[in-house]
Amino acid sequence: MSYRIAALDIETASLKVRTAILEVGLVVIDIQEPDAYENIEFLEDKAMKFNFVLPLPEQLLLGKHVDPNTLRFHLNNIRKSDPTYEFGHTIFPIEVAPRSSLRKVVSDLQAHIAELEVKELWVNHTSFDCSRLISLAEDLGIEKPLWGYRIERDLATIRTLVPKEHRDEPHTVAHRGTEDAMWNLRELSRVMSLLKPKGMP
């Protein structure tokens, strides 16, 4: 019987507490059993990847913060992989009305985590990603928790447990939700392999 874990990553328009969230990446994967993280890289082709784009205009109405330089950075980063990108007409609907409401997008994320019965949710710095998502949900009047708090796991914390010479692996430079969430799972696999005592299966 498999054991389902996931990684989550958000891309934000600033580093403020009340920042607008541009997108959320969620990657869900089945491992053989709890704590069997070492072979995640061999399971990548079976991973379920979800990208949630959060309409920006509605967040501005909620008083969420946008830093122009940060937003410009994300736009330029997208154009590296998509030269045909036109401002305001694809994933960041600033100049056009969003097709799906902000509340629906956040509710869809909530439903995916619940319906897929995720047992562990790995985030690189839970105090940043999780708190900002939860804050947005509260602003939208979503009373039910986005997920059970007991499933949260902080990748940044366990990275500090490996020997220093193995700690400073470069982070992904994608700055896209699903790509960075997948990196979280790869890094989880790498770190757990280093932490496992030699000789253990």
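All values reported here derive from a predicted model rather than from experimental measurement.

**Re the overall build of the protein chain**
- Helix and strand counts for the protein chain stand at six helices and five strands.
- Its helices and strands in sequence order give the protein chain the pattern β-β-β-α-α-α-β-α-β-α-α, from N to C terminus.
- A burial count over the protein chain gives 45% of its 201 residues as buried.
- Long-range contacts, defined here as pairs at least 24 residues apart, represent 76% of the contacts in the protein chain between residues at least 6 apart.
- Per element, the accessible surface of the protein chain, about 11100 Å² overall, is 54% carbon and sulfur.

**With respect to the sheet that holds strand β4 (residues 120–123)**
- Pairing is mixed across the open sheet formed by five strands, whose spatial order is β3-β2-β1-β4-β5. Unpaired on one side and paired on the other, β3 (48–53) and β5 (152–154) mark the two borders of the sheet. Here the strands of the sheet are splayed against their neighbours by 25° on average, with no regard to which way each runs.
- Here three bridges tie β4 to β5, and the two strands are oriented parallel to one another. Bridging across to β5, Trp122 finds its partner in Arg153.
- In this fold helix α3 (residues 102–115) packs onto β1 (3–12), β2 (21–31), β3 and β4, with an angle of close to 160° to the strand it touches most, β3.
- Relative to β1, helix α4 (residues 126–139) is tilted by about 80°, and along the sheet it contacts β1, β2, β4 and β5.

**Section: the pattern of salt bridges**
- Under the defined criterion, the tally for this structure stands at seven salt bridges.
- Residue Arg176 pairs with Glu23 through a salt bridge whose shortest N-O separation is 2.8 Å. In this pair, Arg176 sits in the loop between α5 (155–159) and α6 (177–195) while Glu23 sits in strand β2, placing the two residues 153 residues apart along the sequence.
- According to the relative accessible area criterion, Glu23 is buried, its value standing at 1%.
- Measuring nitrogen to oxygen at the nearest pair gives 2.8 Å for the salt bridge that ties Lys64 to Asp139. With Lys64 in the loop between α1 (56–61) and α2 (68–81) and Asp139 in helix α4, this residue pair connects regions lying 75 residues apart in the sequence.
- On the basis of relative accessibility, which here comes to 5%, the residue Lys64 falls in the buried class.
- By sharing partners, the salt bridges in this structure join Arg18, Lys64 and Asp139 into a single network.

Parameters and conventions
- Residues numbered from 1 in each chain as written.
- Predicted model: local features only at pLDDT ≥ 70, side-chain atom pairs only at ≥ 80, totals over all residues.
- Heavy atoms only, no water.
- Helix = DSSP H or I, 4+ residues; strand = E, 2+ residues; numbered from the N terminus.
- Buried < 20%, exposed > 50% of the residue type's maximum accessible area, 1.4 Å probe, protein only.
- Contact = heavy atoms within 4.5 Å.
- Areas by Shrake-Rupley, 256 points an atom, 1.4 Å probe, with all protein chains shown as cover.
- Pairing = 2+ DSSP bridges.
- Axes fitted to C-alpha atoms, helices over the stretch in contact; angles between N-to-C directions.
- Salt bridge = Lys/Arg side-chain N within 4 Å of Asp/Glu carboxyl O.

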